[in-house]
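Structure at a glance
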Amino acid sequence: MDVNGTVAEGFEPVREAFVRNFATLGDRGAAVAVYRDGHKVVDLWGGTKDVDGTAPWERGTAQVVRSATKGVAAAVLLLLHQRGQLDLDAPVGHYWPEFKARGKERVLVRHVLNHRAGLPVQDRPLTPQEALDPLKGPEAVAAQAPVWEPGTDHGYHALTYGWLLDELVRRVTGQGTGQWLASQVTGPLGLDLWLGLPESEAGRAGRVGRVEGAEPTGGLRARPKRSVTEAYEDPSSLTRRAFAAISPFPDQNDPAYRAAALPATNAVATAEGLARFYATLIGDTAGATRLFTPETVDLARAEESAGPDRVLVVGTRFGLGYMLHGSASPLLTPGSFGHPGRGGALGFADPETGIAFGYVTNGFRKTVTADPRAQGLVRAVRRALSL
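A few points on the structure.

Quick notes on the rules
- Residues numbered from 1 in each chain as written.
- Predicted model: local features only at pLDDT ≥ 70, side-chain atom pairs only at ≥ 80, totals over all residues.
- Heavy atoms only, no water.
- Phe/Tyr/Trp six-rings, centres within 6.5 Å; stacked < 30°, edge-to-face > 60°.
- Helix = DSSP H or I, 4+ residues; strand = E, 2+ residues; numbered from the N terminus.
- Buried < 20%, exposed > 50% of the residue type's maximum accessible area, 1.4 Å probe, protein only.
- Axes fitted to C-alpha atoms, helices over the stretch in contact; angles between N-to-C directions.
- Parallel < 35°, antiparallel > 145°, perpendicular 65-115°, else oblique.
- Contact = heavy atoms within 4.5 Å.
- Nonpolar A, V, L, I, M, F, W, Y, C, P; charged D, E, K, R; others polar.
- Pairing = 2+ DSSP bridges.
- Core = buried A, V, L, I, M, F, W, Y, C linked by side-chain atoms within 4.5 Å.
- Polar contact = N/O pair within 3.5 Å; in protein donor to acceptor, adjacent residues only side chain to side chain.

Turning to the packing of aromatic side chains, a few remarks are in order. A complete count under the given rule lists 11 aromatic pairs for this structure. Arranged with centres 5.0 Å apart and planes meeting at 40°, the rings of Trp96 and Phe99 form a pair that is tilted. Their ring planes at 35° and their centres at 5.8 Å tell us that Tyr232 and Phe243 sit as a pair that is tilted. Here the residue Tyr232 occupies a position in helix H9 (residues 226-233), and Phe243 occupies one in helix H10 (residues 238-243), the gap between them amounting to 11 residues. Residue classification places Phe243 among the buried positions, given a relative accessible area of 19%. One aromatic cluster is present, built from ring pairs that chain together Tyr156, Tyr232, Phe243 and Phe318.

Shown next as structure tokens:
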């Protein structure tokens, strides 16, 4: 496998792990980028642009990153809070009166971010056409009754997270999350990261699809626990229903899907764009001043939810909008915050080491929160830092 790009001295283990992903873990096309203290120390790419094609992955090739989108979208609510435009402890209904229906008066803004709103499912799943309509998803979730008392427990809001967050942003700013992000963050910073891919950039996005690879050995669980498997197979479980809140799921290679803005699942990014986004959350980067104050960084990574997840059926940890380091989604150190994408992608920041990380791929595996390819790269960063 020809791997293109550069690594700074001392980060050679990351290149080695990246090559192994192609050799043993089924990667067809992928990229990884790492920043340290605002400076890029890893920028690698290889394989094919399309999972089922032969054209080479080039600098600037972008891919759908699935739920890694959530960490990007969460920054919008936290920045609005930082600017004094949004109160995290206010009821959602304060900004969105229609949301109060069916016992949701006490759902707080922070419950949207920490997965405690009790709204991970839809009694009637949205069709793909409805899901791409920016009004239909919020209307549906506003009409939904909670499946547990809001604030009392947590469970991953796999798809409904996006509609909840998007409508809050729209009510506060008059813009959808993707529009606000482009005008306030990614556009000014020149990031190759979009929530709603512009037609002018559509040619940069590769085709994604399922891939298989040898199961990892060592510390990662090769097969999920029986209880997890059963939850995904049971049509009546919260797990299955949460991931089926859109049914059938849209074709992720459809230009209309990529052009829409679903803040839970369809951002399109390069690895470099994702890594630099996180780098700029926690510190200055070339030509850009940090986005989060230290106080907002603390909000992002302060534990809000922990323990058995009613949807994912494993122990998870969440801050405000971000997964935190733990057994379900190992990051770099206990102080890291970020978000994986189901089947592969990962972005995170670690303020103590100054590391920001981005991995994107066109080959989705069966993994949900801890893909072995991303995890191998994270362990390589850890080795490079002698952690």
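The next thing to look at is the packing of helix H2 (residues 68-82) against helix H8 (residues 177-189). Two numbers describe how H2 lies on H8: the axes approach to 10 Å, and their chain directions differ by 70°. The pairing of H2 with H8 is recorded here as roughly perpendicular in orientation. Residues Val72, Ala73, Val76, Leu79 and Leu80 of H2 touch H8, and the partners they reach there are Thr177, Trp180, Leu181 and Val185. Residues of the contact of H2 with H8, tallied by class, amount to eight nonpolar, one polar and no charged.

Take Leu262: it is sitting in the loop between helix H11 (255-259) and strand S7 (268-269). Judged by its relative accessible area of 5%, Leu262 is buried. The sequence separation of Leu262 and Leu159 amounts to 103 residues, and the corresponding C-alpha distance is 8.4 Å. Residues within four places of Leu262 in sequence aside, it is in contact with Thr69, Ala131, Leu132, Trp163, Leu195 and Tyr257.

Read across the open sheet, the three strands follow the order S4-S7-S5; overall the sheet is antiparallel. With partners counted over all chains shown, the strands left at the sheet margins are strand S4 (63-64) and strand S5 (193-194), one partner each. Bridge count between S5 and S7: two bridges; the pairing is antiparallel. When the bridges of S7 are listed, Leu193 appears paired with Ala269.

Right, let's talk about the nonpolar core for a bit. In this structure, Leu281, Tyr322 and Phe337 are the most contacted members of the largest nonpolar core, which totals 88 residues. For this core, the element with the most residues is H2, which contributes 10 residues. When neighbours within four sequence positions are excluded, Leu281 is seen to be in contact with Ala75, Arg290, Leu291, Phe292, Val297, Tyr322 and Phe337. The next biggest cluster of nonpolar side chains, apart from the first, holds 25 residues, and it includes Phe18, Phe22, Ala30 and Ala374.

Now for the environment of Val360. If you trace the backbone, Val360 turns up in strand S13 (residues 355-361). Placed 297 residues apart in sequence, Val360 and Gln63 show a C-alpha to C-alpha distance of 6.6 Å. Excluding its chain neighbours within four sequence positions, the residues that come into contact with Val360 are Ala30, Ala31, Trp57, Val65, Ala269, Thr270, Ala271 and Leu274.

We now examine unusual backbone geometry. Most peptide bonds take the trans form, and the phi angle of most residues other than glycine is negative. For the peptide bond that leads from Ser247 to Pro248, omega is -10°, which places it in the cis range. Mapped onto the fold, Pro248 is located in the loop between H10 and H11. The backbone of Arg66 shows a phi angle near 50°, a positive value even though the residue is not glycine. Relative to the elements of secondary structure, Arg66 occurs in the loop between S4 and H2.

A separate point is the pairing of strand S12 (residues 346-350). For S12, the buried fraction is high: five of the five residues fall into the buried class. In this sheet, S12 lies alongside strand S11 (residues 337-340) in antiparallel orientation, the contact comprising four bridges. Pairing of His339 across the sheet is with Gly347, part of S12. Connecting the antiparallel pair S11 and S12 is a turn made up of five residues, with Gly343 showing a positive phi of about 95°. Where S12 meets S13, five bridges bridge the pair, whose relative direction is antiparallel.

Positionally, Thr369 belongs in the loop between strand S14 (363-364) and helix H14 (372-384). Polar side-chain contacts of Thr369 include one of 2.4 Å to the backbone oxygen of Ala328. Setting aside residues up to four positions removed in sequence, Thr369 forms contacts with Leu312, Met323, Ala328, Ser329 and Pro340.

Two faces belong to every sheet, and in a regular strand the side chains alternate between them. With respect to burial, strand S2 (residues 29-36) is a largely interior element, seven of its eight residues being buried. Pairing between S2 and strand S3 (residues 39-47): eight bridges, direction antiparallel. Paired with Ala30 across the two strands is Gly46, which belongs to S3. Linking S2 back to S3 in an antiparallel pair, the connection comprises two residues, with Asp37 at a positive phi of about 50°. Sheet analysis places S2 next to S13, joined by seven bridges and oriented antiparallel. Considered in S13, the bridge of Arg36 is made with Ile355.

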